[in-house]
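# Analysis of the macromolecular model
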Amino acid sequence: MDPNNSVAHIDSLTESAQFLIETLTSDSTDPDPDKLSQVLHTVQTVALNISVRDQELVMLTIRSILFRCVWVSEGGGLERCRVSIISTLLPLLRALDKNDNVLEQFIDSLVDKKVKCESWLSVLCALSEEIFPNHPVLFSKYFWTQIQSGLTHEDNLPRKRALYLMKRTVDTLFSNTCQAEDKSGLIFTDPAIFHKEKGFLGKDTFDAYFLILETLEEKQVHLVKQVLQKIQDLVKVSSNVLNSNQFFHSSWIMIAYLRLFKHPNIALVRWGLESFLNTSFDKQTLESENFLSFLCHPLMNVLNETKLYGKDAESNTFSSAVYFPDEPKEKITGQVIAKTLSNFLNSCFGKLEVEDRSNILRTFITSVSSKSWGPLPLVWITFALVDLETNLAPKCLTDVEMLNVRTLVDSHMVYQEPLLRGAAQANLLTCLLRFLDPKQCSYEEIASLLYTMWNRNVLFYVEPENEIWRKASEFVSYFFEKEFEKVFSVTKNVLLELKQQTSLNTKIVEMNVTKATLVMVLFMSDSNFDGAHVKQYNDMLLAKDDLNRPYASNRLNLNEEECTRIEHIALHSFLSVLKCSNRRSGKSFLHFSVEVNSLTTESVLSNLLLTEQDRNDQIKRLKSSLEICLKTSDIENIFRSEIYINLLSSLLEGNKQFQIDDDTLYELFLQAFTNFSEGSMIQRVIALKIIKKCSLLHVSTSIKNKVNNKLQSLLLSPTIISNLMSESERENDIQNREDQKLWGRLCSEFQRDQLEILNYLVACSPSLDQQMKIRFLEKLTETLEVGGKECLVVCVDMALTLGLPCEQFLEVAKRFIFEFRKNEIFWPALESYVRLCLENLELSSTAVKNIFIDLIHEAENVSGIFPLLIVQLENFFSSKKDSFNFLTNLLPVIAKALTFGQVYRKDQKLVTDTNQVIYNLGTSSIANYLEGSDHLMDGRVRIGAINIILSVSKVTSKEKSSSLIMELFEELQAINVEITGKRTRHFENSLIHKVRQRIYQCYVMFSPLLESKDSEQVLSELCKELLTHSQQTSVRYYSEWAAIIIIVNNSQFFCRMWDWLSKAASEKIGSIPSFLVIITQYLSLCKDVDKEALELAIKEISPWCMAQHFGTRIVAQICFRKIWKICEKSDFGLVEKYEVLKDCIAKSVNPSNSDKISEDFYLTIFDPLAHLTFEDILYEFPRLCEISEEELIPRSLIETLTNSYIPSVNPGSTLSGCKKEKPAGPVAKDDNRKMATNQNVQKKITPWKSMLTDSDIGSSNRFSDKSTRAHEDLIVVASLIDKAPNLGGLCRTSEILGVGSLVLHSKSVTKDKEFSAVSVTAENWVPILECAPHKLEQYLGEKKREGFTIVAVEQAKESIMLQDYKFPKKCVFLLGKEKEGVPVELLNQVDVCIEIPQSGLIRSFNVHVTGALVLWEYVKQHSN
């Protein structure tokens, strides 16, 4: 080589190397791919053409660049440009020196760096030609670990790369020449046996697996369903069920299930979950780390999908009938999944040794408690845990699991729906108590767990004992080996240690004391509060402290409050532990399935064996402690005083016969009274709390009078509602943010306490001056502005106590209440607010009505508002004797209530259904004690409205009741117009359908209350509605029913039905059945039917028995049969007269329609009078009309209705035994549940040779020299074709069949939308060349000289039939123009013309079809 050229090569190499190094060291984005490709091509050119003496320099440069590519942090990734550099330079370096071990060094470097899985796979795909078939990395454990990580990757590309490498490696291992050892143990375990016996059977297993993985990438359900059964077949192979010599590692099964769990179609995910949970894995699989990892991650993730718990409309998966065959009532999907999961875990435990069972259970519990759960999935997971069999699941849980569960409860379950949260927490505690190993548990962690559950209202004491309390007490007793001295000693030491730490935060002290007390109480509860144990505990709490004796060795110099602090807190904790918490205020509209019998304070004190002297001593000590708190300004005294005041109140009110020294309490009151006016802020807060408690105590009359007299003077004092500190003082004087929040709350509570005292005083002062009341009301409005949520309830309550008209206050209060609609204070505030509105109803009826309408509108966003409102309305009307006028004013509200019912989202419906399941558990679920269910809220609103109307009509004259009902119907029709709008058609079970059905249910229920004149008007409206024939079936049925009721009660209107029938025949034939039914039902119910009516009925009905419309004909035939039966019973001679007519009609009935005549309950079993009960109207009838389940009002609610003119329930209702049969589908459910087992599936395995590797995917080198096509020597020339769709189709066909290159007139056509719509990106993967039509002659000549045969696809004189021609390997296919074909001047260039045989009349194929047929024939001849 010329020296000058060598210098130029070195310069070029240097420049290229500099660019590559800058690229690798730059933090910017990837360089331009074309620029990078050009630089790499330059390096290749230089390396292959440089002189031998300079090759060493080139190799060093390339090696340096290569290893710079892996200069990344451990666990980091490689950018695309690095992979491109590696894929180009590493093979180049190996080509320059065959003995260079750079490949081994480079791969070792990648392993050491632990690069990301996707980067590892990308590099190995790029170097696949270098590492296959013999490189040791292919058989290493690290390689297969990365393959499995790639197969489970979230992105499609790493999965594709992993599958490519796996297929190629498996092919290598199963080849006859390979004798490698699989160090991973994932393909085979014994290399000698494997290589000796390997054959098609093992390879077929992997082929089936590859088919599954590739099919799971499809989104179409019908494609994926075909291979699902093959997963089960692989499980059998893995478990050696089919062949003991066949090996298939279980981890591959887990990967397939994981891919199935991540499929976008929820139906397939459901099937995957059910299939997995019903799979019987062998012991070896269950003991593997892969299985445990799968349980804790993929399985947990899929179980956390809320959509999974929705109802499967086709019942293909998690069928209640399969898992609960003996249960008459269908279970919801959540119950079935929980049952399946528990069965699966029990099955796993049954196959394992105790140690392995413990490992699985502990890991599973830890995984559950460390995940952020959706509220619904968590409930069902915990139900599954509770259902584990105690004889299979071992007692193995430790402090670690308790801590994890506590963290879950405290941190991740705070904002969940209360009933779901309570059930889940109760289940978690039940599970822990069952499977905790006391020997591996500490007292501190047990106490913390029990305290957490007690604090969350999961663990509490009621009579009789609930199940969780009993289990907790048994566990504590077992933990201390049933020895009282042990638990007593621990408790005593805890209290003593806390006593010595006087500077501890009060909340922390109270928490630790309560923990110790709770454990002690649970222990004593297990022994039914043994007297000796209680006495010993009592003595410890009430004993005088000896730590302050002058010469005590451990003298602490405590004041009197510090001396008794811990004992007081312990006594308060004892009372708190044994007294069950109250249900949430303002939630009375919920439904509670359990009555709570909480202990009274006196019962609790009796359990502690407190004597009267003990109480007096404690009261005196509490007084002393409170006096000390009043004298100091330590902010902790506020929190301590709250405990002391509550304990004092409990001791005083525990026994009404208990005598106390009045002077003791009154002295405390006077001191607090003085401090309230003169003390510091802290002293004022404490003083006010003491004053409030003294004013509200139910103690002796003498002290109560003294306190009241002293407080009465405050009514005239402006300081009775004073601010503790201004907002500016709080912001400026207190810098710490937490302290600002604390003092903000204290200021609000300070105002609240003042208002509660004032409210009490106003209630005790019936003769209070009117002007004073007005001043107080104005003050309440001001307080709402500044008092915060703490003052909300008391402001409304006090306004209620004042008894003044307060229309302006109502508007202000509503605004502030709804500002806190996401806070628990909202519900008690709203409840008081509604009561206040009702008290103002008489004087401000319009304002109150408008407020209630606004509340109803808000109910669309805040579930529960309307039920709360209707409960308060029921209470109001039941307490009023003359409530007719009130009801008249509120009819718009009542009408809204009668038509109320939300349309739930799927997730809301799932929560409601789950609440119902928990509710039905009753005392079996601890959550039911304190939390109510919302599953009956909508029905409760409607039942409440019905109850109000019934109660008012019961004490009202017939005339007034009728006018009331007429006004109600007007309001209902206004709602009908509002909800329907201009729409004349609507879907079944839509909101419009449901509202209209509720409206006409009201017509049925309240029509009996109408007088004759009003009945006539309503009947006319009903007939007009029926004449339109635009209703859903159930609405039409209710309208007909109401009309029948009116006519039965007012028989004089019956004759008008003939006119309506005639009108229907002329105006709307579709409405004919409605009037036929009304006429027939009336005649069936009429006791004194006359001959003329029957005969007219026969004459009018019989023509419609031959009607063209099928529905009309069926209804007419049924009606005719009913009329005929009446004629047979009567003695009018009509049977003989119309016998021939009857026979004609009977013979006209198609035998196939005879079943249809008797299958509809409405036309056969239904009786308008016998079924005129609320149960039939609101439950049975809509059930048989196939209305959605949430629309049915259950019997438990209907039974709450007041006795009236209509029976509430109908025990002997014939409708209850009816079932609405749904038409059978083409496939039975059992068949539907089975996935396809057909071996011939609509999917084939892609050979690894046809899969794309990184060298193909990279845009810069996908058509490089190393990239090969299946038929490199086949060129398709399409330069004469100009239509983009045809070219796009040819491009797609060429890519699929592996054509070497496609020649177009211009590459710009690939950008055409019509081209890309057909090609679907094929242009990215097939080499495309450009040759204008006028240059074709020259191009074809060049190809001829290169040895190609030019084949034109054209009908010519000497053309050869396609099937007769044998294509040479090197071919150029020339396709002609769309209409003209191949031009004559080009025919001279071709070697042969071929044509496709034709039998039809059309002259030629489409050019794309022609090309596809010829290409396939070539491929077929040249396929191996």
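Provided above is the structure to which this section pertains.
In short, a report on the structure.

Conventions adopted
For every chain, the first residue of its written sequence is number 1, and the numbers climb from 1 along that sequence. It should be noted that, the model being predicted, local features are given only for residues of pLDDT at least 70 and side-chain atom pairs only at 80 or more, the latter also being counted only at that level, while totals for whole chains, interfaces and linings use all residues. To obtain the side-chain values, all non-hydrogen atoms of the structure were used and water was disregarded. Each helix is a run of DSSP H or I of at least 4 residues and each strand a run of E of at least 2, with the numbering of both proceeding from the N terminus. The cut-offs for exposure are 20% and 50% of the maximum accessible area for each residue type, with area from a 1.4 Å probe on protein chains only; residues under the lower value are buried, those over the upper are exposed, and the others partly exposed. Contacts are assigned to residue pairs with any non-hydrogen atoms lying within 4.5 Å of each other. Put simply, a salt bridge is a Lys or Arg side-chain nitrogen that is within 4 Å of an Asp or Glu carboxyl oxygen. Lines fitted to the C-alpha atoms define the axes, with helices restricted to the stretch that makes contact. Angles between their N-to-C directions range from 0 to 180 degrees. Roughly parallel means an angle under 35 degrees; roughly antiparallel means over 145; roughly perpendicular covers 65 to 115; every other angle is labelled oblique. Only Asp, Glu, Lys and Arg are considered charged, only Ala, Val, Leu, Ile, Met, Phe, Trp, Tyr, Cys and Pro nonpolar, and every remaining residue, Gly among them, polar. A pair of strands is considered paired only if DSSP assigns at least 2 bridges between the two. Nonpolar cores are built from buried Ala, Val, Leu, Ile, Met, Phe, Trp, Tyr and Cys residues. Side-chain atoms within 4.5 Å join them into one set.

## Some details on the environment of Leu-299
The topology assignment puts Leu-299 in helix 17 (residues 289-303). For Leu-299, a relative accessible area of 0% corresponds to the buried category. Put simply, Leu-299 and Phe-876 are 577 residues apart on the chain and 53 Å apart in space, counted from C-alpha to C-alpha. In contact with Leu-299, not counting residues within four places along its chain, are Phe-261, Leu-273, Phe-276, Leu-277, Phe-294 and Leu-341.

## A few points about the pattern of salt bridges
The tally for this structure, following the rule as stated, stands at 57 salt bridges. Of the charged contacts in the structure, one is a salt bridge between Glu-353 and Lys-283, with a shortest N-O distance of 3.5 Å. Remark: Lys-283 occurs in helix 16 (residues 283-287) and Glu-353 occurs in the loop between helix 19 (333-350) and helix 20 (354-369); sequence separation between them is 70 residues. According to the relative accessible area criterion, Glu-353 is partly exposed, its value standing at 48%. The shortest N-O distance in the salt bridge between Lys-692 and Asp-753 comes to 3.0 Å. With Lys-692 in helix 34 (residues 681-696) and Asp-753 in helix 37 (residues 737-763), this residue pair connects regions lying 61 residues apart in the sequence.

## So, the packing of helix 25 (residues 467-479) against helix 27 (residues 506-526)
For the pair helix 25 and helix 27, interaxial distance at closest approach is 8 Å and the crossing angle is 95 degrees. What the angle tells us is that helix 25 and helix 27 run roughly perpendicular. Where helix 25 approaches helix 27, its residues Trp-469, Ala-472, Ser-473, Glu-474, Val-476 and Ser-477 are matched on the opposing element by Leu-518, Val-519, Val-521, Leu-522, Phe-523, Ser-525 and Asp-526. The class makeup of the residues in the contact of helix 25 with helix 27 is 8 nonpolar, 3 polar and 2 charged.

## Here we look at the sheet that holds strand 4 (residues 1349-1353)
Here we have 7 strands laid out as an open sheet, ordered 3-2-1-6-4-7-5, and parallel in their pairing. Two strands lie at the open edges of the sheet, namely strand 3 (1328-1330) and strand 5 (1360-1361), each paired on one side alone. Sheet topology places strand 2 (residues 1299-1304) next to strand 3; 3 bridges connect them, and they run parallel. Residue pairing for strand 3: Val-1303 is matched across the bridge by Leu-1329. Packed on one face of the sheet, helix 65 (residues 1284-1297) meets strand 1 (1271-1277), strand 2, strand 3 and strand 6 (1371-1375) and runs near 165 degrees to strand 2.

## Observations regarding the nonpolar core
If you look at soluble globular proteins, the nonpolar side chains tend to sit buried side by side. Grouped together as the largest cluster of nonpolar side chains are 266 residues, with contacts concentrated most on Trp-252, Phe-276, Leu-299 and Leu-459. Look past the residues within four positions of Leu-459 in its chain and what remains in contact with it is Leu-429, Leu-450, Met-453, Trp-454, Ile-468, Trp-469, Ala-472, Leu-518 and Leu-522. Counting 169 residues, the second-largest nonpolar core is a separate cluster that includes Ala-799, Val-871, Phe-969 and Trp-1124.

## Observations regarding the pairing of strand 4
Of all 5 residues making up strand 4, 5 are buried, and the element is well covered by its neighbours. Neither face of strand 4 is exposed, since Thr-1349, Val-1351 and Val-1353 on one face and Ile-1350 and Ala-1352 on the opposite face are all buried. Where strand 4 meets strand 6, 5 bridges bridge the pair, whose relative direction is parallel. By the bridge assignment for strand 6, Ile-1350 is matched with Val-1372. In this sheet, strand 7 (residues 1392-1395) lies alongside strand 4 in parallel orientation, the contact comprising 3 bridges. Looking at the pairing, Val-1351 lines up with Val-1392 of strand 7.

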